[in-house]
Amino acid sequence: MEFILVDPQARPHVALIQLNRPKELNALNLQLMGELRDTLKQLDDDEQVRAIIIAGNERAFAAGADIKQMAGKTAIDMLNVDQFSTWDQIRKTKKPIIAAVSGFALGGGCELAMTCDMIVASETATFGQPEIKIGVMPGAGGTQRLTRAIGKAKAMEMVLTGKFMSAAEAEKHGLINRVVPVELYLEEAFRLAADVAQMSPVAARLAKEAVNRSFETQLDEGLHFERKNFYLCFASDDQKEGMAAFVEKRKPDFKGR
Ligand code: HXC
């Protein structure tokens, strides 16, 4: 891996991926995205991993897709490169992913954070979809996920003017989970990941899938999907263990089976 650092057991059952192109503010070139896709697939297949954190560094989570790599491309080049199949695979990661964001999360960087399941931000985090300023528009889900997260008016303003949103505002509008001082943001992400990693991995996977389904379906179909996944939980040892532990007044020991 050239552009990302991976620690599959940064904490018990928690993996850490760090985007690592600091000089370019972690601009997301095709190689970095390919490395991220392959790593997420490996971590998804690793039974020891129950939650994943994606972080950048203090100055930048990621300042967007690599503009220099895209600048000379034609529409057909972009079509043939088909970078969004990589994004689609990332989106299909089954394990919970937390974005730990400090500094710039712009364009594809903001979209990557929104592709994750939760976002923990430092007070210095800045979110934006500034593609309009370079003559394009969001392409990796920005117009859809931002709108669903913060509503049409604010999303439209960000997408049409390229204006940034501070971490405090992003928290107020429901884009992110919480804001903490910069020296604590990674630790806070680990804390949240540890909370998730204590739960049944089977139930977490089914629950993540069901929450995400709410973006894709009508209520009736979403409720039906939820019910099926709820029933499926009862096929797991973890359900037996979780409920037995409650009755016996002890902590459950989930095995992901
Ligand atoms: C390539 C980038 C980059 C990017 C920063 N750099 N962002 N290179 N692609 N997206 C490089 C700069 O060229 C520079 O390298 C170095 O990182 C430091 O950046 P500076 O601009 O010198 O830093 P600063 O003055 O602090 O400004 C920070 C910034 C600015 C406000 C974040 O860099 C900026 O506006 N970046 C572009 C943000 C953007 O438009 N993102 C959307 C991209 S389009 P050199 O070598 O010159 O010193 C997109 C579409 C997604 O994301 C579609 C789906 C994938």
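Anything mentioned here points back to the structure above.
So, here's what we can say about the structure. (Residues numbered from 1 in each chain as written. Predicted model: local features only at pLDDT ≥ 70, side-chain atom pairs only at ≥ 80, totals over all residues. Heavy atoms only, no water.)

1. A word on the packing of helix α6 (residues 142-150) against helix α7 (residues 152-161)
Thinking step 1. Where α6 contacts α7, the axes come no closer than 7 Å and their chain directions differ by 140°. It follows that α6 is oblique to α7 by the angle criterion. Here α6 and α7 pass one another in a crossing that is right-handed. Between α6, through T143, L146, T147 and I150, and α7, the contact on the second element is made entirely by K152, K154, A155, M158 and V159.
Thinking step 2. Here the residues of the contact of α6 with α7 sort into five nonpolar, two polar and two charged. (Axes fitted to C-alpha atoms, helices over the stretch in contact; angles between N-to-C directions. Helix = DSSP H or I, 4+ residues; strand = E, 2+ residues; numbered from the N terminus. Parallel < 35°, antiparallel > 145°, perpendicular 65-115°, else oblique. Left-handed = near helix turned anticlockwise from the far one by under 90°. Contact = heavy atoms within 4.5 Å. Nonpolar A, V, L, I, M, F, W, Y, C, P; charged D, E, K, R; others polar.)

2. Comments concerning the packing of helix α1 (residues 30-45) against helix α4 (residues 83-91)
Thinking step 1. Viewed as axis vectors pointing N to C, α1 and α4 meet at an angle of 30°, and their least axial separation amounts to 9 Å. Put simply, α1 runs roughly parallel to α4. Seen along the crossing, α1 lies across α4 with a hand that is left-handed. Contacts from L30, M33, G34, L36, R37 and L40 in α1 reach Q83, T86, W87, Q89 and I90 in α4.

3. Quick word on the pairing of strand β2 (residues 14-19)
Thinking step 1. Counting buried residues in β2 gives five out of six residues, a clear majority hidden from the surface.
Thinking step 2. For strand β1 (residues 4-11) and β2, the ladder comprises five bridges, and the chain directions are antiparallel. Within β2, the residue paired with I4 across the bridge is L19.
Thinking step 3. Where β1 folds back onto β2 in an antiparallel hairpin, the turn is made up of two residues, including H13, whose phi is positive at roughly 65°.
Thinking step 4. Inspection of the sheet shows β2 paired to strand β3 (residues 51-55) by five bridges, in the parallel sense. Pairing of L16 across the sheet is with I53, part of β3.
Thinking step 5. Taking the sense of rotation as the criterion, the β-α-β connection linking β2, α1 and β3 turns out right-handed. (Buried < 20%, exposed > 50% of the residue type's maximum accessible area, 1.4 Å probe, protein only. Pairing = 2+ DSSP bridges. Right-handed = clockwise from strand over helix to strand, strands pointing away.)

4. With respect to helix α10 (residues 201-213)
Thinking step 1. For α10, spanning 13 residues, the distance from its first C-alpha to its last is 18 Å, which sits close to the expected 18 Å at 1.5 Å a residue.
Thinking step 2. Where α10 is concerned, the buried positions are A204, L206, K208 and A210.
Thinking step 3. In this fold, the buried residues of α10 make contact with β5 (97-101) and α11 (219-233).
Thinking step 4. For α10, the side-chain oxygen to backbone nitrogen distance between the N-cap and V202 is 3.2 Å, and the N-cap itself is S200. (Expected span 1.5 Å × (residues − 1). Polar contact = N/O pair within 3.5 Å; in protein donor to acceptor, adjacent residues only side chain to side chain.)

5. What about the pattern of salt bridges?
Two side chains carrying opposite charge are able to pair once their charged atoms lie near each other.
Thinking step 1. What the rule picks out here adds up to 16 salt bridges.
Thinking step 2. Where K208 meets D117, a salt bridge forms, and the shortest distance between an N and an O atom there is 2.8 Å. Of the two residues, K208 sits in helix α10 while D117 sits in the loop between α5 (108-115) and β7 (118-122), which places them 91 residues apart along the sequence.
Thinking step 3. Taking the relative accessible area as the measure of exposure, K208 reaches 12% and is therefore buried.
Thinking step 4. A relative accessible area of 28% means that D117 is categorised as partly exposed.
Thinking step 5. Close ionic contact of K255 with D253 constitutes a salt bridge, the shortest N to O distance being 2.7 Å.
Thinking step 6. Of the residues examined, K255 reaches a relative accessible area of 56% and is grouped as exposed. (Salt bridge = Lys/Arg side-chain N within 4 Å of Asp/Glu carboxyl O.)

6. Let's talk about empty space enclosed by the protein
Thinking step 1. For the coordinates displayed, the defined rule picks out one cavity of 30 Å³ or more.
Thinking step 2. In this structure, the largest cavity occupies an estimated 110 Å³ of space.
Thinking step 3. Around the largest cavity, the lining comprises 13 residues; the ones closest to its centre are L30, Q69, M70, M78 and Q83.
Thinking step 4. Secondary structure elements with two or more residues in the lining of the largest cavity: α1, α2 (67-70), α3 (75-81) and α4. (1 Å grid on protein atoms, 1.4 Å probe; cavity = no way out; pocket = protein on both sides within 12 Å on 5 of 7 lines; lining within 4 Å. Points joined across faces, edges and corners; volume = space filled by probe spheres on them.)

7. Some details on the environment of K92
Thinking step 1. Structurally, the position occupied by K92 is in the loop between α4 and β5.
Thinking step 2. With ten residues separating them along the chain, K92 and S102 place their C-alpha atoms 24 Å apart.

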